[in-house]
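Take a look at the letters that make up each chain.
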Amino acid sequence: SQQGEEDPQALSIQEGENATMNCSYKTSINNLQWYRQNSGRGLVHLILIRSNEREKHSGRLRVTLDTSKKSSSLLITASRAADTASYFCATYRSGANSKLTFGKGITLSVRP
Amino acid sequence: DAGITQSPRHKVTETGTPVTLRCHQTENHRYMYWYRQDPGHGLRLIHYSYGVKDTDKGEVSDGYSVSRSKTEDFLLTLESATSSQTSVYFCAISGDFNQPQHFGDGTRLSIL
């Protein structure tokens, strides 16, 4: 399975600290995406990184991709209480039976 | 937010009854998806559509059927609901298969 597996499963930090979340996967991919889910809501797309990219930034978010290690990390800098949510990585691979495959998610709690 | 509306938002029904969930989009996106989200399993794809009357199975399609008679509407039907189908169901849309998906806010379905 190409399913991404996030690590850690849960993370609790103080407001203002940085949060780092990791995702590992098993097969080659075309792109990897990170999503956020607030309680009781649908997933919201945060950032997409292609297999030929190593790093992308969006505001306080920084995503890296290491295809040799089949892993990605999401860094949220200067966290806020509003960042409290679940975060999911999702991998996409083209070809037969291609689809976006989601991991089980990381629960991030940011304490005020 | 992308224009996606799921209805109903909550439903309680009994085992053996038919249930239909509706997803409506105003973005004219080609692809539409139905997922279920369960603790410990993350997000799993049930069925998806790549155009009007064009649908395909996902990884957990048993017990579910779908229909797409118009670009904007994607229906998920549980022909005879079972307690194992108690879950939160999400609809998502995307312009292409490898592009980010936009999610609705989900339908919480309880089957007693």
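In case you missed it, the structure is sitting above this.
Below is a summary of the structure that appears in this document. (Residues numbered from 1 in each chain as written. Chains lettered and ligands numbered in written order. Predicted model: local features only at pLDDT ≥ 70, side-chain atom pairs only at ≥ 80, totals over all residues. Heavy atoms only, no water.)

All names here are of chain A. For the coordinates displayed, the defined rule picks out 8 salt bridges over all chains. For the salt bridge of E55 with R62, the shortest nitrogen-to-oxygen distance reads 3.2 Å. In this structure E55 comes out as partly exposed when scored by relative accessible area, which is 39%. Take R62: its relative accessible area is 30%, and that puts it in the partly exposed class. (Salt bridge = Lys/Arg side-chain N within 4 Å of Asp/Glu carboxyl O. Buried < 20%, exposed > 50% of the residue type's maximum accessible area, 1.4 Å probe, protein only.)

The interface is formed by 18 residues belonging to chain A together with 18 residues belonging to chain B. Carbon and sulfur atoms make up 56% of the area that chain A and chain B hide from each other, which totals about 1500 Å². Of all residues in chain A, the largest losses of buried area upon contact with chain B belong to A:L43, A:K99 and A:F102, amounting jointly to 29% of the total for that side. Linking chain A with chain B are 1 salt bridge, by the criterion used here. Residue B:D105 is joined to A:R41 by a salt bridge in which the shortest nitrogen-to-oxygen separation is 3.0 Å. Counting only elements with at least two residues in the side of chain A that touches chain B, the list comes to β4 (31–37), β5 (43–50), β9 (85–92) and β10 (100–102) of chain A. The element contributing the most residues to the side of chain A that touches chain B is β4(A), with 4 residues. Looking at the side of chain A that touches chain B residue by residue, the class counts come to 7 nonpolar, 8 polar and 3 charged. (Contact = heavy atoms within 4.5 Å. Buried area = accessible area lost by both parts, 1.4 Å probe. Helix = DSSP H or I, 4+ residues; strand = E, 2+ residues; numbered from the N terminus. Nonpolar A, V, L, I, M, F, W, Y, C, P; charged D, E, K, R; others polar.)

Of all hydrophobic cores here, the largest spans 22 residues; its most connected members are A:M21, A:L32, A:W34, A:L74, A:I76, A:Y87 and A:L108. Secondary structure elements with two or more residues in this core: β3 (19–24), β4, β5, β7 (61–66), β8 (71–76), β9 and β11 (106–111) of chain A. With near-sequence residues (within four places) excluded, A:L32 lies in contact with A:C23, A:Y25, A:I47, A:L48, A:I49, A:L65, A:S72, A:C89, A:A90 and A:T91. Residues B:C23, B:L76, B:A81 and B:I93 belong to the second largest nonpolar core, which totals 19 residues. (Core = buried A, V, L, I, M, F, W, Y, C linked by side-chain atoms within 4.5 Å.)

Residue and element names in this part refer to chain B. Sheet architecture is open: 4 strands sit in the order β1-β3-β8-β7, paired in antiparallel fashion. Only two strands of the sheet have a single neighbouring strand rather than two, namely β1 (4–7) and β7 (64–70). Geometrically, the sheet is characterised by an average inter-axis angle of 20° between neighbouring strands, direction not taken into account. Of the strand pairs in this sheet, strand β3 (residues 19–25) and strand β8 (residues 73–78) are connected by 6 bridges, and their pairing is antiparallel. When the sheet's bridge partners are listed, V19 is paired in β8 with L78. (Pairing = 2+ DSSP bridges. Axes fitted to C-alpha atoms, helices over the stretch in contact; angles between N-to-C directions.)

What links the strands of a sheet is backbone hydrogen bonding, and the strands pair in either a parallel or an antiparallel sense. All names here are of chain A. Taking strand neighbours across the sheet as the criterion, the 5 strands line up as β1-β3-β8-β7-β6 in an open arrangement whose pairing is antiparallel. In the strand order of this sheet, the two ends are held by β1 (5–7) and β6 (55–58), each with one partner. Each strand of the sheet is rotated relative to its neighbour by a mean of 20°, with strand direction disregarded. Relative to β8, β3 is paired through 6 bridges, and the arrangement is antiparallel. Bridge pairing in β8 places C23 opposite S72.

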